[in-house]
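# Architecture and fold: a report
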Amino acid sequence: MTHRDSHTTSALPAPGEQASPGMPSAAASPWPVFWVVSVAVFLVSMDGTMLFAAFSALRAGFPQATPADLSWVLNAYTVVYAAMLIPAGGLADRRGRKKVFLGGVALFVAASVACGLAGSVEWLVAARVLQAIGAALLTPASLSLVLAAFPTTKRAVAVSLWGAVGGLAAAVGPSLGSFVIASLGWQWAFYLNVPVGILAIWRGARLLTETKQQTNGRPLDLVGMCLLIAGIGALALSIVQSESPHWSRHELLGAAGIGVACIIGFIVWARSASAPLVDLRLFRNPTYRYVNLATLSFGIAFSMMFFAFFFYMSAIWKYPLPLAGLAMMPGPLMVVPVAALSGRVASRHGHRPLLLVGSLIYAISALWFLFVPGVEPAYLTQWLPGMLLSGVGVGMVMPSLSGAAVSRLPADHYAVGGAVNQAIRQIGSVMGVALTVLFLGSPSLQRADFDAVYLCHIGLALLTAALCLPVNTSPAAIANSHALDASPEGA
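Here's a quick rundown of the structure.

Here is what the cut-offs are and how they apply
Residues numbered from 1 in each chain as written. Predicted model: local features only at pLDDT ≥ 70, side-chain atom pairs only at ≥ 80, totals over all residues. Heavy atoms only, no water. Patch = residues over 30% accessible without salt bridge, like charges linked within 9 Å, V, L, I, M, F, W, Y side chains within 5 Å. Areas by Shrake-Rupley, 256 points an atom, 1.4 Å probe, with all protein chains shown as cover. Salt bridge = Lys/Arg side-chain N within 4 Å of Asp/Glu carboxyl O. Helix = DSSP H or I, 4+ residues; strand = E, 2+ residues; numbered from the N terminus. Buried < 20%, exposed > 50% of the residue type's maximum accessible area, 1.4 Å probe, protein only. Polar contact = N/O pair within 3.5 Å; in protein donor to acceptor, adjacent residues only side chain to side chain. Axes fitted to C-alpha atoms, helices over the stretch in contact; angles between N-to-C directions. Parallel < 35°, antiparallel > 145°, perpendicular 65-115°, else oblique. Left-handed = near helix turned anticlockwise from the far one by under 90°. Contact = heavy atoms within 4.5 Å. Nonpolar A, V, L, I, M, F, W, Y, C, P; charged D, E, K, R; others polar. Core = buried A, V, L, I, M, F, W, Y, C linked by side-chain atoms within 4.5 Å. Phe/Tyr/Trp six-rings, centres within 6.5 Å; stacked < 30°, edge-to-face > 60°.

On the surface, a nonpolar cluster with roughly 270 Å² of combined accessible area is contributed by Val113, Leu117 and Trp123. By the secondary structure assignment, Leu117 is in the loop between helix 4 (97-116) and helix 5 (121-149).

Structure below.
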C-alpha cells in the first residue's frame, strides 16, 4: 500500500463510477465519512422544523408583515427544497458527489448568515430560497457518499443511521428552536448553522473522495430538470397554500393543474430522451416502486403526528411551547438506537420485516393517542407510552424506507435514485401539514377534533405496511441486483 492509500477514508468505487486519483482503500474506516455528511444532514433537517418555534418571534421582529407574508419564510423553503431534490441528485451523480455536497453546505451556510442579517421579510424569504437550494444540493449527495463509503454488507446499518439522523434532527428542531429563540432571538435559529457548517466543509474537504457517474460526455438533462422543478414546485405550492386566504380555489387548482401537466411532460420526455435526468427504468423494479409509494404514505402520517402533537399540547393541555418541545423529546430519542438495531436486522434479513412490524407499531401508537389522552394533563401515564411507541415505529420504518429505496439501485444512480425517495417524503410531509391544518385549524379546538387526525394516522400506517409487502431487499436479492447493476434495467 502506498502512502497515499493509507490516508483514504471510504470503500472502492462501485461499478459505473469514476473516482479521483486518491481513491480510498477498502480497509479504511468509512465512519469518518458518515459523521461528516451526517452533521450537514442534521443541520438541514433541524432547520426545516426549528422555525415553527420562531413564528411568534418573527411577527414581533417584523410587525409590518402580515401572517401570510411570514408564512412564506416557511413555505418558500418547503416548495424549493421539494422541487430541487431530484435535479440536485442528477447534478451530484454527473458533476461529482463531493463537489456538490461541499457546494451545497457552503451555500446553506452563506444563506443562513443572510437569513440572520435580514432586515425585511422579502430579504428573509429570498435567503430561505437560497438555503433550500443548498439543502437540496447536499442531501442526495450525502446519501450517495455514504453508500460509496461503506461495503455492501454494512450499507443497511449506515443508511438506517443516516435516516435516523434526519428524523431525530427534524423532531429536535422545535424544542431546541424554542430554547434558542427565547434566549438569543430568532436570528440565532440561523446563526447556529454557521460554525457547524464550516466544520463540515473543512472536514469534508479533507476526508471525502470524489465519485461520479460515467457520462461519456452526455450533457445534463436541462429540459427534464426544468419540467421537474416546475411540476413539483407547483404541486407543493398548491398544497402549502391550500388554507391561505390570499389564494383562491381556482388559482390553487390552476397551480395543481400546471404541476400535474409538467410531471406528465417530464415522464413523456424521460421516456424519449437519450440521457434523462431520471431513468424511469428504475421503477420497473417492484421494490423501488412500492418503497416510494410507502414513503409517501408514511411521510404524510409522520407529519400529521408531529404537528398534531403541538396542537394538542398547546390547545388541550395548555403547555407553553418550550415545555411542549421537551415533552416530545422521548419519542425522537428512541429513533437512533432503534435505527441502529434495525440496520443490523436489515443487513441479515432485508427491510421488509422491519417495515411491516414498524408500521404496525406506529398504527398502535396512533390508536393509543385516539383512546387514551384526555383533556387533563397526565403526561407520564397518558402521553409518554404513545410517544415511546411512535419513536420505535419511526426508528424502524423511516430509515428502512431510505435504505430499501437505494439498496438495489445501480451505483451510477445512487444520488438521483435516493433523491427521488427524499423528494417523495418531502411531498408527503407537505401534504401532512396541509391535512393537519385542515382538521385542526379551528381557533377553538376540542378533544374530539383530534379523532379524525388519529384515524388518518392509523389508516396511513396500515397502508404503509400493505405497500411494503412486495418489498424484497434480502441479501440474496441484493446480490443478484448487484450482479446486473451495469445497467438500470438490472435495478
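Attention now goes to the side chain of Asn292. Mapped onto the fold, Asn292 is located in helix 11 (residues 286-315). For Asn292, a relative accessible area of 4% gives the class buried. Side chain to side chain, Asn292 and Asn421 meet in a polar contact 3.2 Å long.

What follows concerns unusual backbone geometry. Even without being glycine, Lys318 reaches a positive phi, approximately 60°. Along the polypeptide, Lys318 turns up in the loop between helix 11 and helix 12 (321-328). On the basis of relative accessible area, Lys318 is assigned to the exposed category, the value being 60%.

It is the contact of helix 4 with helix 8 (residues 193-207), at a shortest axis distance of 9 Å, that shows an interaxial angle of 160°. Taken together, the axes of helix 4 and helix 8 lie roughly antiparallel to each other. Both helix 4 and helix 8 take part in a crossing whose hand is left-handed. Between helix 4 and helix 8, the contacting residues are Lys98, Leu102, Val105, Ala106, Phe108, Val109, Ser112 and Val113 on the first element and Asn193, Val194, Gly197, Ile198, Ala200, Ile201, Gly204 and Ala205 on the second. Looking at the contact of helix 4 with helix 8, its residues break down into 11 nonpolar, 4 polar and 1 charged.

Within the secondary structure, Asp47 sits in helix 1 (residues 31-50). On a C-alpha basis, the gap between Asp47 and Ala135 in space is 9.7 Å, while along the polypeptide they are 88 residues apart. Setting aside anything within four residues of it in sequence, one finds Asp47 in contact with Tyr77, Phe108, Arg128, Gln131, Ala189, Phe190 and Asn193. A polar contact is formed between the side chain of Asp47 and the side chain of Asn193, at a distance of 3.2 Å.

Attention now goes to the nonpolar core. Formed by 84 residues in total, the largest nonpolar core has its most connected members in Ile86, Phe101 and Leu124. Take this core: its biggest share by element is 15 residues, from helix 5. Apart from the residues lying within four places of it in its own chain, the contact partners of Leu124 are Leu58, Phe62, Val73, Cys115, Ala118, Trp186 and Phe190. Membership of the second largest hydrophobic core comes to 51 residues, among which are Ala324, Ala363, Leu384 and Val453.

To continue, consider the pattern of salt bridges. This structure, assessed with the given rule, holds 3 salt bridges. The partner of Arg281 in a salt bridge is Asp279, and the shortest N-O contact between them spans 2.8 Å. Given a relative accessible area of 28%, Arg281 falls into the partly exposed group. Looking at Asp279, the relative accessible area reads 11%, which means it is buried.

Here the focus is the packing of aromatic side chains. Throughout the structure, instances matching the rule amount to 19 aromatic pairs. Pairing Trp186 with Phe190 gives two aromatic rings, centres 6.2 Å apart and planes at 85°, and the pair type is edge-to-face. When the centroid spacing of 6.4 Å and the interplanar angle of 25° are considered together, the rings of Phe450 and Tyr454 count as stacked. Of the two residues examined, Phe450 and Tyr454, each falls in the buried class. Site record: aromatic cluster; members linked through ring pairs are Phe309, Tyr312, Trp317, Tyr319, Phe369, Trp383, Phe450 and Tyr454.

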